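Each chain, written out:
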Amino acid sequence: MSTRSDDSPREPRERILATATRLFAERGYDATSTRAIGDAVGLNIATVAYHVGAKPELYREVMRRAHLAQREVVTAAVRRLHACGSLPEETRAALLAFVDAYLSFCLGHPEVPALWMRRWLAEGSDLADIETEFAGPLVAEVAAAVREVLDRAGLGAGVDVEMLVFTIVWTSHSFGQAGVIDPAGRRLGPLDLPVLDRFRRHLHTVVNGVLDQAS
């Protein structure tokens, strides 16, 4: 009988990581125990530890994978940004496309914004190296790329690019997770296409408004 790939030693590890990602995103680091992860996967704590290590190592691997997924999309968007023309209108269009790409990533991978938002609430604060290694360098890379294309096009000389990047991240993450509240108190999220279109247009207005005021 041939051996199926599902029976390989990697298969339990992948199931553990997938379940841990979901639970860390839903509950946060502090409220998610290794036992809870093991119970959800159908494995005991010793088996979980064998495959992924203790809870800090497991969490760090979850965040590393979330970061890599994020970085892949952002790096591709940065490449397209560098490839845009140097005319102001071309640069504006490229920046808006960058925003759209990041928003689409957040909506397509809701667990990634959820994981980072949990950290914004000081979840897993004893693992501060996650920001040092993952989040900080990526924000700096994006900010440098945006600053370069703005300078090339003669746009936004006074823009605080780093804060603009953070603004896009904060709002995209929050909208993807919580949506907006309408006057009747109903929560409307990204599955409501008119609301999604309204939010996307608002992000574009924010970017263009910042560029106009700082030029």
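Every value quoted in this text rests on a predicted model; they were computed, and no experiment measured them. (Residues numbered from 1 in each chain as written. Predicted model: local features only at pLDDT ≥ 70, side-chain atom pairs only at ≥ 80, totals over all residues. Heavy atoms only, no water.)

Caption draft 1: Spotlight on the overall build of the protein. When helices and strands are tallied, the protein shows nine helices and two strands. Ordered by position in the sequence, the α and β elements of the protein form the string α-α-α-α-α-α-α-α-β-β-α. Based on the C-alpha atoms only, the size of the protein along its principal axes is roughly 60 × 45 × 40 Å. Expressed as a percentage of its 215 residues, the buried residues of the protein come to 41%. Of the contacts made within the protein by residues no fewer than 6 positions apart, 70% connect residues no fewer than 24 positions apart. Here the protein has roughly 11,300 Å² of accessible surface; of this, 57% comes from carbon and sulfur atoms. Put simply, the protein has 24 plus and 28 minus side-chain charges, and the middle of one group is 4 Å from the middle of the other. (Helix = DSSP H or I, 4+ residues; strand = E, 2+ residues; numbered from the N terminus. Buried < 20%, exposed > 50% of the residue type's maximum accessible area, 1.4 Å probe, protein only. Contact = heavy atoms within 4.5 Å. Areas by Shrake-Rupley, 256 points an atom, 1.4 Å probe, with all protein chains shown as cover. Lys, Arg positive; Asp, Glu negative; His and termini not counted. Charge placed at Lys NZ, Arg CZ, Asp CG, Glu CD.)

Caption draft 2: How the structure looks around helix 2 (residues 34-41). Restricting attention to buried positions, one finds in helix 2 the residues T34, I37, G38 and V41. On an axial view of helix 2, the arc spanned by its buried residues comes to 95 degrees, and they lie on one face. Opposite the packed face of helix 2, turned more than 90 degrees from it, sit the exposed residues R35 and D39. (Arc of directions from axis to C-beta.)

Caption draft 3: The environment of T21, seen in detail. The topology assignment puts T21 in helix 1 (residues 10-27). We classify T21 as buried; its relative accessible area is 17%. Each C-alpha atom, one on T21 and one on G108, is 15 Å from the other, the two residues being 87 residues apart in sequence. Setting aside its immediate chain neighbours within four residues, T21 contacts V62, E111 and L115.

Caption draft 4: Spotlight on a nonpolar patch on the surface. Together, W120, L121, M163 and W170 give the surface a local cluster of nonpolar side chains, amounting to about 440 Å² of exposed area. Summarising the element assignment, M163 is placed in helix 8 (residues 161-178). (Patch = residues over 30% accessible without salt bridge, like charges linked within 9 Å, V, L, I, M, F, W, Y side chains within 5 Å. Salt bridge = Lys/Arg side-chain N within 4 Å of Asp/Glu carboxyl O.)

Caption draft 5: Looking closely at the pattern of salt bridges. Enumeration according to the criterion identifies 15 salt bridges in this entry. Salt-bridge contacts for R22 lead to E26; the nearest nitrogen and oxygen are separated by 3.7 Å. One end of the pair is R22 and the other is E26, both in helix 1 and four residues apart, which spans about a single turn. The exposure class of R22 is partly exposed, given its relative accessible area of 40%. Each of R13, E14, E61, R64 and R65 takes part in one network of salt bridges that share partners.

Caption draft 6: Seen up close, the nonpolar core. In this structure, I16, F24, I37, L58 and L81 are the most contacted members of the largest nonpolar core, which totals 63 residues. Non-local contacts of I16, meaning those with residues more than four positions away in its chain, are made with I37, V41, L43, V48, H51, V52 and L58. (Core = buried A, V, L, I, M, F, W, Y, C linked by side-chain atoms within 4.5 Å.)

Caption draft 7: Here's a closer look at the confidence of the model for the protein. When the pLDDT values of the protein are averaged, the result is 92; 95% of them are 70 or greater. Counting interchain partners and residues more than four positions distant, the pLDDT-below-50 stretch residues 1-9 has three contacts. (pLDDT = per-residue confidence, 0-100.)

Caption draft 8: The side chain of R119, seen in detail. For R119, the position within the fold is in helix 6 (residues 111-120). For R119, the side chain forms a polar contact with the side chain of E131, separated by 2.7 Å. Sequence-distant contacts of R119, that is, excluding residues within four places in its chain, are made with Y59, M63, G124, L127, A128, I130 and E131. (Polar contact = N/O pair within 3.5 Å; in protein donor to acceptor, adjacent residues only side chain to side chain.)

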